Amino acid sequence: MTEETLLSIENLKVHFPLKTRGFSAPKSFVHAVDGIDLKIAKGKTFGIVGESGSGKTTTALAVMRLVPITSGAITLGDQRLDRLEGEELRRARRHMQIIFQDPYSSLNPRVRAGAIVREPMDLMDVGEKSEREDLVAELFRQVGLRPEQQALFPHQFSGGQRQRIGVARALASQPDLVVCDEPVSALDVAIQAQIINLLRKLQAELGLTYLFISHDLGVVQYICDDIAVMYLGKIVEMGDRISLFKEPLHPYTWALLSAVPSADPALRDRADRIRLQGDPPSPIDPPPGCGFASRCPFSQALCTMEAPQLRTIRTGHSVACHFVSDDGVPPQRKI
Amino acid sequence: MGRNDMSEQANSQIQAASPSFETEVDILTIEHPLREAARMFARNKAAVGGLILLVGILILTLVVPFFYTVDPFDLVWAPLSPPGTENAPFGTDYLGRDILAGIVHGGSATLAVGASAALLAVVIGLSVGSLAGYYGGWVDEVLMRITEFFQVLPTLLFAMVIVALFRPSVATVAFAIGVVSWTAVARLARSEFLRIRSLDYIKAARSISSSNRRIIWLVILPNAMPPLVVQATLAVGGAILFEAGLSFLGLSDPNVMSWGFMIGSSRDYLMDAWWTVTIPGIFIFLTVLSVSLIGDGLNDATNPKLRER
Ligand SMILES: Nc1ncnc2c1ncn2[C@@H]1O[C@H](COP(=O)(O)OP(=O)(O)OP(=O)(O)O)[C@@H](O)[C@H]1O
Ligand code: SF4
Ligand SMILES: [Mg+2]
């Protein structure tokens, strides 16, 4: 069973220079994304979880070519996205689209809903000009809005409806990959479920592939096939949904899971013991070693000296921790 | 106001949420944006008042001179005669010149200086500020250094130098004022562009392949307009007052009457003959007021959030 890979990311790094006064070269960098690898199979949903500041949005924006890429390769289908510039990049954009977290700041307040959804078609030559009116109306129906609502301005919609407009805009260019950056975390809980179900329905209908970012493990467990856990710009654990939720290997993943009510009680007990304390270290010029060392109860001298590499423990499940044994025994507290 | 807001909100929620029947028909007919803006403008009483006022001032300064032909430099009556004097309804100044003639014949120079200086300030300021804010990095660095340079120059002195280098005329005065007053517009435009540039709808615009030109002119600029329109109307007022200051220093065309010139030349007589300064002052005030009312109205008319349907 070989699945066709749609998106693959290899050793992606995005480092933001810290502002310096004048023209001198910057000396420090924010290591927002610090060398990540992942592959997403066509038609699947790949989740990225992690707490605030771990680099999830930056990863999404790098895939969308909306932030400068420091190094690494991003391949969509058979196209190296990281190498595209100018007209080529503009043409490639119709294959990848993004849904933003904040339904308020992601829609231009001065443009009517219909025009917002129509614009990608005009700018990226989707379909025949004469068809586009019908395509827009059809999209409105598909995302659960009425076509008559095209004439309204964004502020005349509720948060959930605005997010539907955002979904319609993302689908307007008939993309293969849709990056969803926390598409529901700004919405009421009741509305969240509607949007998540809408995304699932659209995926089934249109064969979409999702890169789905969230800090809510409950949502991720519901919608994602594979999941990567990010911490301080790196992937610390990655696996399919079942393996990752059943047998999390990285101490940070346990800590995240402790916050999910539906998680296995045995797991929660273990997680309770390592409840996260303090804040993650600063991503500005991070020291060598494991990024989690400052908060990890199992940390030893080795952890602060050498960064653990992502190792495959079993098929489709890998982890970056020195003290997970090769046969998948998680770290134990030294007595 | 508060009640209005609430009902507007409730209205729009109902509009957006319920499949009502009337909306289905009329919502699909989208009015041309300019027509709609004109309709919204016409509904705004203050803005229409401002427009009527400005039209009145324009008639006074462009049409009335053909009928009221007294030369504003002629000595028509006893110096410092108060308003209501025969032959000089607004009184005379310290040389016995007719103040009404000054108002009627001096307005066009004042308006020309105010409008062209403000236009120049807005064009320079908007270009510099938008590029700096949008591109950031070294572009921003260079443009902001230049802006700082112009900002720390003593403006009056600099304007005096420009006017003194060339011959004082309406054009040089307008140029001098425009060149010294664009920095405020540039700073404001920069900060608005910086703020809006980081919003998600700009990322969305980029991800649907919008060009930089499109993003700057069609996405950011309309959203940055409200404070810029206010700033532009302030610039008109500022330019008119600046012209008065230059006139006071003798740095305007001595052969062209203007409201600023009238204030400048009569400043010493404020205590003895208030009308010599106050009457042109009132006309400057009315002009600035009308421009700012119109600016506000334009803003509101083009802002969808303030539109009740
Ligand atoms: N344009 C930028 N310039 C400098 N630093 C940035 C920039 N964008 C993000 N960062 C920094 O990079 C790090 C990662 O940010 P990112 O937004 O990717 O995190 P996130 O995982 O999406 O967090 P959240 O859950 O809060 O959205 C943060 O420390 C952030 O401050
Ligand atoms: S490498 Fe060390 S510090 Fe990092 S998670 Fe494993 S045990 Fe903890
Ligand atoms: Mg984020």
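Note: the structure precedes this text.
These numbers were taken from a predicted model, which means no experiment stands behind them.

Draft legend 1. Structural detail: the overall build of chain B. Across its full length, chain B carries 13 helices and zero strands. The order of helices and strands in chain B, counted from the N terminus, is α-α-α-α-α-α-α-α-α-α-α-α-α. Within chain B, buried positions represent 44% of all 309 residues. Of the contacts formed within chain B by residues at least 6 apart in sequence, a portion of 70% connects residues at least 24 apart.

Draft legend 2. Layout of the overall build of chain A. In terms of regular secondary structure, chain A is built from eleven helices and twelve strands. Taking 2.2 N^0.38 as the reference for a compact globule, 335 residues should give roughly 20 Å; the C-alpha atoms of chain A span a radius of gyration of 21 Å, in line with that estimate. Each principal axis of the C-alpha distribution contributes one length, and for chain A these read about 70 × 55 × 40 Å. Long-range pairs, those at least 24 residues apart, make up 62% of the contacts in chain A between residues at least 6 apart in sequence. For chain A, the accessible area works out to roughly 14,900 Å², and carbon and sulfur atoms hold 51% of it. Charge-centre separation for chain A: the mean point of 39 positive side chains lies 4 Å from the mean point of 40 negative side chains.

Draft legend 3. Spatial organisation of the interface of chain B and chain A. Across the contact, 37 residues belong to chain B and 34 residues belong to chain A. A combined buried area of about 3,400 Å² lies between chain B and chain A, and 56% of that area is made up of carbon and sulfur atoms. At the junction of chain B and chain A, the tally comes to one salt bridge. Residues A:Glu119 and B:Arg214 are paired through a salt bridge, measuring 2.7 Å at the closest nitrogen-oxygen approach. Counting the contacts that link chain B with chain A gives nine residue pairs in polar contact (both at pLDDT 80 or more). At the level of elements, helix H1 (2-17), helix H6 (137-152), helix H10 (200-207) and helix H11 (212-248) of chain B are the ones that each hand at least two residues to the side of chain B that touches chain A. By residue class, the composition of the side of chain B that touches chain A is 15 nonpolar, ten polar and twelve charged.

Draft legend 4. Quick look at the site of ligand 1. All names here are of chain A. Surveying the vicinity of ligand 1 reveals 13 residues, the closest of which are Ser52, Gly53, Lys56, Thr57 and Thr58. The backbone of Gly55 places a nitrogen or oxygen atom 3.0 Å from an oxygen atom of ligand 1. One nitrogen or oxygen atom from the side chain of Thr58 is found 2.5 Å from an oxygen atom belonging to ligand 1. Burial of ligand 1 by the surrounding chains reaches 63%, relative to a free accessible area of 630 Å².

Draft legend 5. Molecular detail of the nonpolar core. In this structure, A:Val117, A:Ile165, A:Leu199, A:Leu202 and A:Phe212 are the most contacted members of the largest nonpolar core, which totals 55 residues. In this structure A:Val117 touches A:Val136, A:Leu139, A:Phe140, A:Ile165, A:Ala168, A:Arg169 and A:Ala172, once residues within four positions along its chain are discounted.

Draft legend 6. Structural detail: H10(B). Most of H10(B) is tucked away, with seven of its eight residues classed as buried. Residues of H10(B) that are buried: B:Asp200, B:Tyr201, B:Ile202, B:Lys203, B:Ala204, B:Ala205 and B:Ser207. Residues of H10(B) that are buried make contact with helix H1 (56-63), strand S6 (96-99) and helix H5 (159-171) of chain A together with helix H9 (183-197) and H11 of chain B. At the exit of H10(B) stands B:Ser209, carrying a positive phi of roughly 70°.

Draft legend 7. Local environment of the site of ligand 2. Neighbouring ligand 2 are 13 residues; A:Cys290, A:Cys296, A:Cys303, A:Cys321 and A:His322 lie closest to it. The residue inventory of the shell around ligand 2, partitioned by class, reads ten nonpolar, three polar and no charged.

Draft legend 8. Local environment of the pairing of strand S8 (residues 209-213) of chain A. All names here are of chain A. Burial within S8 is extensive, with five of its five residues counted as buried. Here S8 shows no split at all, with Thr209, Leu211 and Ile213 on one side and Tyr210 and Phe212 on the other all buried. Looking at chain direction, strand S3 (residues 45-49) and S8 are connected through four bridges and run parallel. Counted as the bridge partner of Phe46 is Leu211 from S8. Strand direction decides the pairing type here: strand S7 (residues 177-181) and S8, joined by five bridges, are parallel. Pairing of Val179 across the sheet is with Leu211, part of S8.

Draft legend 9. Geometry of unusual backbone geometry. All names here are of chain A. A positive phi angle, near 45°, is found at Asn11, a position not held by glycine. Structurally, the position occupied by Asn11 is in strand S1 (residues 5-17). The exposure class of Asn11 is partly exposed, given its relative accessible area of 39%. Positive phi values are uncommon outside glycine, yet Arg65 reaches one of about 55°. Inspection of the secondary structure assignment puts Arg65 in the loop between H1 and strand S4 (71-76).

Draft legend 10. The arrangement of the sheet that holds strand S2 (residues 29-41) of chain A in detail. Residues and elements named next belong to chain A. Here four strands make up an open sheet; going across it, the order is S2-S1-S4-S5 and the pairing antiparallel. Each having just a single partner strand, S2 and strand S5 (79-80) make up the two edges of the open sheet. Here S4 pairs with S5 via two bridges, running antiparallel. Pairing of Thr75 across the sheet is with Arg80, part of S5. Along the sheet face, H1 touches S1, S2 and S4 and points at about 115° away from the line of S1.

Draft legend 11. Examining a nonpolar patch on the surface more closely. A cluster of nonpolar side chains, contributed by B:Leu51, B:Val55, B:Leu58, B:Ile59, B:Leu62, B:Val63, B:Phe66 and B:Phe67, occupies part of the molecular surface with about 790 Å² of accessible area. Position of B:Phe66 relative to the elements: it lies in the loop between helix H4 (45-62) and helix H5 (99-135).

Draft legend 12. View of the sheet that holds S8(A). Residues and elements named next belong to chain A. The mixed open sheet is built from eight strands, whose spatial order is S6-S7-S8-S3-S9-S10-S12-S11. The outermost strands of the open sheet, each flanked by one partner alone, are S6 and strand S11 (311-314). Sheet twist, expressed as the average angle between the axes of neighbouring strands with direction ignored, equals 20°. Note that S11 and strand S12 (residues 317-319) share three bridges and pair antiparallel. Pairing of Arg314 across the sheet is with His317, part of S12. Contacts from H5 reach S6 and S7 within the one sheet, and its direction differs from that of S6 by about 175°.

Rules and cut-offs
- Residues numbered from 1 in each chain as written.
- Chains lettered and ligands numbered in written order.
- Predicted model: local features only at pLDDT ≥ 70, side-chain atom pairs only at ≥ 80, totals over all residues.
- Heavy atoms only, no water.
- Helix = DSSP H or I, 4+ residues; strand = E, 2+ residues; numbered from the N terminus.
- Buried < 20%, exposed > 50% of the residue type's maximum accessible area, 1.4 Å probe, protein only.
- Contact = heavy atoms within 4.5 Å.
- Rg over C-alpha atoms; globule rule 2.2 N^0.38 Å.
- Areas by Shrake-Rupley, 256 points an atom, 1.4 Å probe, with all protein chains shown as cover.
- Lys, Arg positive; Asp, Glu negative; His and termini not counted.
- Charge placed at Lys NZ, Arg CZ, Asp CG, Glu CD.
- Buried area = accessible area lost by both parts, 1.4 Å probe.
- Salt bridge = Lys/Arg side-chain N within 4 Å of Asp/Glu carboxyl O.
- Polar contact = N/O pair within 3.5 Å; in protein donor to acceptor, adjacent residues only side chain to side chain.
- Nonpolar A, V, L, I, M, F, W, Y, C, P; charged D, E, K, R; others polar.
- Near = heavy atom within 4 Å.
- Core = buried A, V, L, I, M, F, W, Y, C linked by side-chain atoms within 4.5 Å.
- Pairing = 2+ DSSP bridges.
- Axes fitted to C-alpha atoms, helices over the stretch in contact; angles between N-to-C directions.
- Patch = residues over 30% accessible without salt bridge, like charges linked within 9 Å, V, L, I, M, F, W, Y side chains within 5 Å.

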